[in-house]
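Summary of structural features
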Amino acid sequence: MSRDPRTLIRIARESGQEQTAEPLDLGARVRELRKERDWTLEQAARQAGLARSTLSKIENGQMSPTYEALKKLAVGLDISVPQLFTPPKREQVSGRMVHVKDGEGLHQVTTTYEHELLAETLTRKKMLPYRARVRARSMDEFDGWVRHDGEEFLYVLTGVAMLYTEFYEPIEMRRGDSAYYDASMGHNVVSVSAEDATILWVTSLT
């Protein structure tokens, strides 16, 4: 069954697994922020205008701070109150990787394109990279504009392609030419060379 690019992108988005956010440990977050500044309990308490014992109880989860105490903590740490409840960005390297040999991607054929998905086995992707052979020779072969969420990068590998968009004049693109555009804007690509043009497409999924 043929699929257009919108369907491929929807499938890629839906193939990821939902992740449930873990509740934030406020005490651990405050301790982490304090240690990032290399402050002792006494120094942090003094900066925040709190008693050392109060700060110690907050860090150890032995008391729930009032909003006034939270404001004092935020001012002392030079951050906003919401940042006290924002999990820190993890600098861990995930090590995720997938290697696809030439021609071994997942093939999907439509009336206008032949797609080869280049990272199909990787879940929760933030990008959808795929190679496409452009079979269309005229805009008449499309059932209207292709539109979808996100942004898209197009790079011509072989042949000559014409990029049509609903807000700009058509652009003739040759090997090595590229375009980056808002994918919610209507867009279609046709081959204008004797042979089918081949292109690399990378679509954002977030």
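See the structure above.
Only a predicted model underlies this, so the values are computations on that prediction, with no experimental measurement involved.

1. Digging into the packing of aromatic side chains
- Using the criterion set out here, one finds three aromatic pairs in the structure.
- Both rings, one in Tyr113 and one in Phe142, keep their centres 5.7 Å apart while their planes meet at 55 degrees; by these two values the pair is tilted. Here Phe142 lies in the loop between strand 3 (127–134) and strand 4 (151–158) and Tyr113 lies in strand 2 (residues 113–117), a separation of 29 residues in the sequence. When sorted by exposure, Tyr113 lands in the same class as Phe142, which is buried.
- A ring pair is formed by Tyr113 and Trp201, whose centres lie 5.2 Å apart and whose planes are at 85 degrees; its orientation type is edge-to-face. Within this pair, whereas Tyr113 is found in strand 2, its partner Trp201 is found in strand 9 (residues 197–204), the two being separated by 88 residues in sequence.
- The buried category is assigned to Tyr113, whose relative accessible area is 1%.
- Within the aromatic cluster, the residues linked to one another by ring pairs are Tyr113, Tyr130, Phe142 and Trp201.

2. A closer look at unusual backbone geometry
- For Asp38, which is not a glycine, the phi torsion comes out positive at approximately 60 degrees.
- With phi around 60 degrees, Asp78 is a residue other than glycine that occupies positive phi space.
- Within the secondary structure, Asp78 is located in the loop between helix 5 (67–77) and helix 6 (81–84).

3. What to know about the sheet that holds strand 4
- Reading across from one edge, 1-2-3-9-4-7 is the order of the six strands in this open sheet, with antiparallel pairing throughout. For this open sheet the edge positions go to strand 1 (106–109) and strand 7 (178–182), each flanked by a neighbour on one side alone. Taken pair by pair, the neighbouring strands of this sheet meet at an average axis angle of 25 degrees, ignoring direction.
- Judged from the six bridges that link them, strand 4 and strand 9 form a sheet pairing that is antiparallel. Looking across to strand 9, one finds that Leu154 is bridged to Trp201.

4. As for the packing of helix 2 (residues 26–36) against helix 4 (residues 52–59)
- Two numbers describe how helix 2 lies on helix 4: the axes approach to 7 Å, and their chain directions differ by 120 degrees. Considering the angle they form, helix 2 stands oblique to helix 4. Residues Gly27, Ala28, Val30, Arg31 and Arg34 of helix 2 touch helix 4, and the partners they reach there are Leu55, Ile58 and Glu59.
- Along the lines of polarity and charge, the residues of the contact of helix 2 with helix 4 split into four nonpolar, one polar and three charged.

5. Focus on the nonpolar core
- Residues Leu154, Leu163, Tyr181, Val189, Ile199 and Trp201 are the most contacted members of the largest nonpolar core, which totals 24 residues.
- Sorting the residues of this core by element identifies strand 2, strand 3, strand 4, strand 5 (160–165), strand 7, strand 8 (187–191) and strand 9 as the ones contributing at least two each.
- The biggest single contributor to this core is strand 3, with four residues.

What counts, and at which threshold
Residues numbered from 1 in each chain as written. Predicted model: local features only at pLDDT ≥ 70, side-chain atom pairs only at ≥ 80, totals over all residues. Heavy atoms only, no water. Phe/Tyr/Trp six-rings, centres within 6.5 Å; stacked < 30°, edge-to-face > 60°. Helix = DSSP H or I, 4+ residues; strand = E, 2+ residues; numbered from the N terminus. Buried < 20%, exposed > 50% of the residue type's maximum accessible area, 1.4 Å probe, protein only. Pairing = 2+ DSSP bridges. Axes fitted to C-alpha atoms, helices over the stretch in contact; angles between N-to-C directions. Parallel < 35°, antiparallel > 145°, perpendicular 65-115°, else oblique. Contact = heavy atoms within 4.5 Å. Nonpolar A, V, L, I, M, F, W, Y, C, P; charged D, E, K, R; others polar. Core = buried A, V, L, I, M, F, W, Y, C linked by side-chain atoms within 4.5 Å.

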